Amino acid sequence: MGSRLWMGLAAGFACAGVGIAMARSRAGNRSLRAPSYDSAGVRVLVLGGGFGGFTTARVLARRLAARRDVAIRLVDREDSLTFWPMVPEVIPGAIQAAHVVRALREELVPLGVEFVRTRVIGADLDRRTVRTGIGDMEYDKLVVALGWQTSFFGTPGAAQHCLAMQSLTDAVAIRTRVVDQFEAAVAGCPHDLRFVVIGGGSTGVEVVAGISELIDILIPEYPGLSEEEVHLLVAQAKDDLLPHMEEPLRQAAASRLRKDGIELRTDSTVKSVDERGVVLDSGDRLDASTVIWTAGVEPSPIARRLKGARLDKRGRLKVDACLRVSGQSGVYALGDIAAVTSGGKPIPPTAQAAVQEAAAVANNLAAEVTGGEPEAFQYRFMGHLVTLGGRFAVSQVFGARLSGWAGHLLWRGVYLYKLGDWRDRLHVVSDWSIRALAGPRVPRLRLR
Ligand SMILES: Cc1cc2nc3c(=O)[nH]c(=O)nc-3n(C[C@H](O)[C@H](O)[C@H](O)COP(=O)(O)OP(=O)(O)OC[C@H]3O[C@@H](n4cnc5c(N)ncnc54)[C@H](O)[C@@H]3O)c2cc1C
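Every chain is numbered independently, its residues counted from 1 as its sequence is written. Owing to the predicted nature of the model, reporting of local features is limited to residues with pLDDT of at least 70; listing and counting of side-chain atom pairs is limited to 80 or more, with chain, interface and lining totals taken over all residues. As a rule here, side-chain values come from all non-hydrogen atoms in the structure, and water together with hydrogens is ignored.

**Student:** How do you make sense of the environment of Ile-434 when you look at a structure like this?
**Tutor:** We count a stretch as a helix when DSSP gives it H or I for four or more residues in a row; a strand needs E for two or more, and each element gets its number in order from the N terminus. With respect to the helices and strands, Ile-434 occurs in helix α10 (residues 422–438). Considering only alpha carbons, one finds Ile-434 and Leu-402, 32 residues apart in sequence, at a separation of 26 Å.

Here is the structure:
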């Protein structure tokens with residue numbers, strides 16, 4: 001306990017020191033002044049304030065800070081950016097939900113970027129107009145970064161009976177459902193502790209591991225229940241979990257999940273979902289009170305409502321090597337809504353890709369505005385990191401493979417760094433430290 005206390009305090013003080021220094025340097029940004037959007041000579045409109053849109057606006061604002069004739073406006077239906085890689089840790093309460101979101105207005109206004117919270121409805125790219133919940137907006141340059149949404153691939157019953165994982169509130173809802181099922185089980189419903197997670201990719205594995213960790217914390221609080229009454233299962237259509245990772249890491253993840261008592265059903269496509277659970281294409285029925293869908297995403301449906309844009313067969317916006325929307329000038333698309341390639345190879349929809357694409361789009365837009373030439377996007381694959389809770393992660397970074405405690409340390413270090421803001425880092429470090437020192441606790445926060 002003594003060394004853990006010192007480690008916790010040292011980490012806290014280190015982060016606090018750097019945090020204060022960073023907070024001071026942030027204050028310097030506030031002197032930036034931007035022209036009003038409607039009267040600016042060049043109006044740059046960014047649709048979406050997720051990884052791609054937020055990074056584009058931030059990099060572009062810095063590149064064009066000296067240009068008084070350029071105004072940047074970012075539009076999002078939400079007022080915050082969710083740091084998705086840490087969201088699965090919200091399920092067992094390892095990180096507080098409020099600590100994985102960043103307020104867009106607070107981040108953007110000091111950079112001279114206007115933030116407007118409203119819904120994008122569609123656009124006419126030929127007329128350079130975007131339709132939003134508060135009226136039409138005109139632009140000179142446009143960036144489309146509206147991301148993704150859950151896809152149930154038309155699976156009967158899935159949309160009605162599954163919990164999805166497409167917002168931070170979904171993570172809290174999953175935790176609340178598990179707690180509610182425990183309460184129902186002690187009240188005498190024997191089948192209420194069966195949980196099925198559909199999808200064995202990164203999100204499915206992280207979610208099932210988060211639920212398992214949550215259950216480990218809950219069990220001692222319910223002396224009338226035993227671990228044997230809980231059944232946690234992953235149904236994966238492919239022949240292995242984490243198919244994008246290398247074989248030894250896939251095996252390490254699978255054996256860790258099995259050790260935690262999680263049943264893994266590979267080669268098992270879900271045919272339908274109903275109020276009693278899941279039916280597989282083999283005809284097997286898996287009874288479950290709670291079914292969570294992580295099996296697929298599709299591009300934002302707004303892509304289909306951009307008049308003048310071309311789509312690929314998966315409904316993503318077609319872009320050229322410089323990330324310009326095909327057939328349009330001054331219009332860029334990136335992130336999960338765009339069919340991005342690099343060196344002729346398709347780029348997977350991830351946050352690391354969206355952030356790199358955003359930097360390329362910002363550079364190309366800055367080049368357009370200052371009379372330079374846009375450059376082709378070059379993707380650099382950094383690696384994959386998947387946390388399995390309980391101080392275990394599998395990591396494949398720059399060719400190095402790590403699993404277990406070492407992988408977990410790498411996961412924490414990388415995402416703490418990527419979190420971006422020193423106050424958020426301090427909050428997350430304090431969440432981890434308090435948990436390590438005082439033991440885990442399940443937050444009973446309910447969002448209705
Ligand atoms: C649980 C989970 C864990 C993940 N973990 C990782 C990870 O560890 N590493 C990794 O690289 N990737 C991870 N990802 C994937 C990653 O989050 C996405 O690839 C990334 O967010 C894509 O960035 P984007 O900018 O294209 O879209 P987003 O980040 O989704 O941003 C889209 C933005 O557009 C806004 N928007 C959408 N529609 C509208 C509308 N009609 N009007 C106004 N605004 C709108 C949204 O509110 C959102 O702010 C994870 C995803 C999930 C679900």
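**Student:** Honestly, the sheet that holds strand β15 (residues 270–274) in this entry has me stumped. Any pointers?
**Tutor:** Through backbone hydrogen bonds, the strands of a sheet pair up, either in parallel or in antiparallel fashion. Taken together, 3 strands build an open sheet; the order of strands is β15-β16-β17 and the sheet is antiparallel. Edge positions in the open sheet fall to β15 and β17 (285–287), since each of these has one partner strand only. With direction set aside, neighbouring strand axes in the sheet form an average angle of 20 degrees. Any two strands with at least two DSSP bridges between them are considered paired. Of the strand pairs in this sheet, β15 and strand β16 (residues 277–280) are connected by 4 bridges, and their pairing is antiparallel. Counterpart to Asp-274 in the pairing with β16 is Gly-277. Note on geometry: axes are C-alpha line fits, over the in-contact stretch for helices, and angles between N-to-C directions span 0 to 180 degrees.

**Student:** In this structure, what is going on with the pairing of strand β2 (residues 70–76)? I would like to understand it.
**Tutor:** A large share of β2 lies buried, amounting to 7 of its 7 residues. Whether a residue is buried, partly exposed or exposed follows from its accessible area with a 1.4 Å probe, protein chains only, as a fraction of its type maximum: under 20%, in between, or over 50%, in that order. The alternating pattern of β2 places Val-70, Ile-72, Leu-74 and Asp-76 and Ala-71, Arg-73 and Val-75 on opposite faces, both of which are buried. Read from strand β1 (residues 42–47) through helix α2 (residues 51–63) to β2, the crossover connection turns out right-handed. Bridge count between β2 and strand β5 (residues 113–117): 5 bridges; the pairing is parallel. Looking across to β5, one finds that Ile-72 is bridged to Val-113. Seen with its strands pointing away from the viewer, a crossover is right-handed when the path leading from the first strand over the helix to the second is clockwise.

**Student:** What's the story with the pattern of salt bridges in this structure? I'm lost.
**Tutor:** Take a side-chain nitrogen of Lys or Arg and a carboxyl oxygen of Asp or Glu: if they are within 4 Å of each other, that pair is a salt bridge. Here the structure, examined in full by the defined rule, presents 24 salt bridges. In this structure, the salt-bridge partner of Asp-287 is Arg-276, at a minimum N-O distance of 4.0 Å. One end of the pair, Asp-287, is in strand β17; the other, Arg-276, is in the loop between β15 and β16, and 11 residues separate them in sequence. For Asp-287, a relative accessible area of 35% corresponds to the partly exposed category. We classify Arg-276 as partly exposed; its relative accessible area is 47%. Measuring nitrogen to oxygen at the nearest pair gives 2.8 Å for the salt bridge that ties Asp-312 to Arg-316. The burial state of Asp-312 is the same as that of Arg-316; both residues are buried. Within this structure, Arg-43, Glu-138 and Asp-140 form a network of salt bridges that share partners.

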